Amino acid sequence: FLKKLNRQERVVEEVKLSLKPHYTKKHITKEEYKDILRRSVPKICHNKSGEINPVKISGLVEAYVKKYRYIKKKNSSSKTTGGAKPK
């Protein structure tokens, strides 16, 4: 149990390290930061290989940040155009 907890703490630190630059550049909000952290830690902890690969972790974090920025951009543009776009 202690081993699992220690591993999870290391994963959390690694994810925070990858997220920090995006948060300081205001690419993501505080809520998005928390949400990405909440989603990515279990995903990394439950992988089959059991390794903590910083390159893969930063790749996952980059993908989440890109996703959240896209959603934010999409929502802001739909608000300015007046809601749903016709098909």
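The structure this text deals with has already been given above.
Here is what the cut-offs are and how they apply
Residues numbered from 1 in each chain as written. Predicted model: local features only at pLDDT ≥ 70, side-chain atom pairs only at ≥ 80, totals over all residues. Heavy atoms only, no water. Helix = DSSP H or I, 4+ residues; strand = E, 2+ residues; numbered from the N terminus. Buried < 20%, exposed > 50% of the residue type's maximum accessible area, 1.4 Å probe, protein only. Areas by Shrake-Rupley, 256 points an atom, 1.4 Å probe, with all protein chains shown as cover. Lys, Arg positive; Asp, Glu negative; His and termini not counted. Charge placed at Lys NZ, Arg CZ, Asp CG, Glu CD. Salt bridge = Lys/Arg side-chain N within 4 Å of Asp/Glu carboxyl O. Phe/Tyr/Trp six-rings, centres within 6.5 Å; stacked < 30°, edge-to-face > 60°. Core = buried A, V, L, I, M, F, W, Y, C linked by side-chain atoms within 4.5 Å. Contact = heavy atoms within 4.5 Å.

**Q** Help me get a handle on the overall build of the protein chain, residues and values and all.
**A** Scanning the protein chain from N- to C-terminus turns up three helices and zero strands. Referenced to the eigenvectors of the C-alpha coordinate spread, the extents of the protein chain come out at roughly 55 × 30 × 20 Å. Taking all 87 residues of the protein chain together, the buried fraction comes to 26%. Surface exposure of the protein chain reaches about 6,900 Å², of which carbon and sulfur atoms provide 57%. For the protein chain, the distance from the average site of its 24 positive side-chain charges to the average site of its 8 negative ones is 7 Å.

**Q** Describe in detail the pattern of salt bridges, supporting the description with residues and values.
**A** For side chains bearing opposite charge, pairing can occur when the charged atoms are close. Counted according to the given criterion, the structure contains three salt bridges. Across the pair lysine 72 and glutamate 32 runs a salt bridge whose closest N-O atoms are separated by 3.5 Å. With a gap of 40 residues between them, lysine 72 in helix 3 (residues 54-81) and glutamate 32 in helix 2 (residues 30-45) connect regions that are remote in the sequence. A relative accessible area of 34% means that lysine 72 is categorised as partly exposed.

**Q** Account for the packing of aromatic side chains, naming residues and giving values.
**A** Counted by the stated rule, this structure contains one aromatic pair. Taking 5.3 Å as the distance between ring centres and 50° as the angle between the ring planes, the aromatic pair formed by tyrosine 23 and tyrosine 33 counts as tilted. Of the two residues, tyrosine 23 sits in helix 1 (residues 2-24) while tyrosine 33 sits in helix 2, which places them ten residues apart along the sequence. Of the residues examined, tyrosine 23 reaches a relative accessible area of 32% and is grouped as partly exposed. For tyrosine 33, a relative accessible area of 17% translates into the label buried.

**Q** I'd like a rundown of the nonpolar core, residues and numbers included.
**A** In this structure, Val11, Val15, Leu19, Ile36 and Val41 are the most contacted members of the largest nonpolar core, which totals 17 residues. Those elements giving two or more residues to this core turn out to be helix 1, helix 2 and helix 3. With six residues, helix 2 is the single largest residue contributor to this core. Those residues in contact with valine 15 that lie beyond four places of it in its chain are Leu37, Ser40, Val41, Ile44, Ile57 and Val61.

**Q** Let's hear about the side chain of histidine 22: which residues, and what values?
**A** With respect to the element layout, histidine 22 can be found in helix 1. According to the relative accessible area criterion, histidine 22 is buried, its value standing at 11%. Leaving out residues up to four positions away in the same chain, histidine 22 has contacts with His27, Ile28, Glu62 and Val65.

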